[in-house]
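Report on the structure
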Amino acid sequence: MKKIFILLGLLLLFMIIFPIVKIFWGLDLGIFRDTLGDSVVLSAVLTSLECALYATFAGAVLGIPAAYIITRYDFPGKGFASSIINIPVVIPHSAAGIALLSAFASHTFFGAGLAKMGLSVVDTKLGVSLGMFFLSVPFLINHSIGGFSSYDQRIEKSARVLGAGFTRTFFTISLPLAKHGIIKGFIMMWARGISEFGAVVILAYHPLSASVLIFERFGAYGLKYTKPIASLLILICLLIFIVVQLLSNVKNKQNN
């Protein structure tokens, strides 16, 4: 049975690694160089990086306090609130795009309110960022919950007894102690936002993000001219993943 489990594990690793390796294997280096010099591609990649960063900062402002409240306090509906936070993880991303469009299109209550402030969600960077935010914020919240749960909360209570207020305790004790989980969540949310497609293509096809550009180029030119863009995006996400793993290793060494 042990050998069967090992074989199944190796099969799993193969199914994950092989498609990633295959996209780089036989990649036309000439087309890849042209891709790196293509202003449309670079603009799309920068749009993805930029909008994912906006989404992640918004997630930090809204999500870290929510994670702290969920971790530290019991309140009516706590389980329901925790479940709501994770809904974006389980619903189809295209359905999320339709839901966001229904809520923030220009003819809706919120869309009209944004329009009065000179803002629009549809086909803008705000829309791209909103789509990324909606689908990726659970990653930041859940990792932040893990961060706040990783240390004894009696440390906070001791600080309060010694005269530190809630704000001072949160910023000088809670955040520093939970920083590894929060930073990991920040990076994971950013990476997840970069790769988002389903919600973004419905809510904001333009300006082109990298994922939408891959979809567009595949439909127009096929696999050969799409692989270089996909390879570039995979490299960026792998780099972010490596950073996350390094942070995890640092945390484990500190704990040991």
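Residues numbered from 1 in each chain as written. Predicted model: local features only at pLDDT ≥ 70, side-chain atom pairs only at ≥ 80, totals over all residues. Heavy atoms only, no water.

1. Brief notes about the pattern of salt bridges
Rules: A carboxyl oxygen of Asp or Glu within 4 Å of a side-chain nitrogen of Lys or Arg is what we treat as a salt bridge. Helix and strand definitions here come from DSSP, where helices need a minimum of 4 consecutive H or I residues and strands a minimum of 2 consecutive E residues; each element is numbered from the N-terminal end. Relative accessible area decides the class of each residue, using a 1.4 Å probe on protein chains only: under 20% of the type maximum gives buried, over 50% gives exposed, and in between gives partly exposed.
A complete count under the given rule lists six salt bridges for this structure. A salt bridge links Arg-217 to Asp-38, with the shortest nitrogen-to-oxygen separation between them at 3.2 Å. Taken together, the residues Arg-217 in helix H13 (residues 210-221) and Asp-38 in the loop between helix H2 (29-36) and helix H3 (39-72) connect sequence positions 179 residues apart. Owing to a relative accessible area of 21%, Asp-38 belongs among the partly exposed residues under this scheme. One salt bridge connects Lys-78 with Asp-74, and the closest N-O pair in it is separated by 3.3 Å.

2. Brief notes about the side chain of Thr-108
Put simply, the rule reads: Distance and chemistry together define a polar contact, namely a pair of N or O atoms within 3.5 Å, with one atom able to donate a hydrogen and the other to accept it when in protein, and with adjacent residues in sequence counting only for side-chain atoms on both sides. The contact criterion used throughout is that any non-hydrogen atoms of two residues lie within 4.5 Å.
Looking at where Thr-108 falls in the secondary structure, it is placed in the loop between helix H6 (93-104) and helix H7 (109-116). A relative accessible area of 11% means that Thr-108 is categorised as buried. A distance of 2.6 Å separates a polar side-chain atom of Thr-108 from the backbone oxygen of Ala-105. Excluding anything up to four places from it in sequence, Thr-108 contacts Leu-101, Ser-102 and Ala-103.

3. Quick notes on helix H1 (residues 2-24)
Applied cut-off: To estimate the expected span of a helix, subtract one from its residue number and multiply by 1.5 Å. The seven residues ending at a residue and the seven starting there each receive a fitted axis; the angle between those axes is the bend at that residue.
For H1, which comprises 23 residues, the first-to-last C-alpha distance of 33 Å matches the rise-based estimate of 33 Å (1.5 Å per residue) to within 8%. The largest bend in H1 amounts to roughly 30° and is located at Ile-17, with the proline Pro-19 lying one to four residues further along.

4. Quick word on the side chain of Arg-217
On the basis of relative accessible area, Arg-217 is assigned to the buried category, the value being 16%. Setting aside residues no more than four positions away along its own chain, Arg-217 makes contact with Asp-38, Val-40, Val-41, Gly-222, Thr-226 and Ile-229.

5. A word on H13
Over its 12 residues, H13 extends 16 Å from the first C-alpha to the last, a length consistent with the 16 Å expected when each residue adds 1.5 Å. If you check which residues of H13 are buried, you get Ala-210, Ser-211, Val-212, Leu-213, Ile-214 and Arg-217. Directly after H13, the chain includes Gly-222, whose backbone phi takes a positive value near 90°.

Read these as spatial facts, not as claims about activity.
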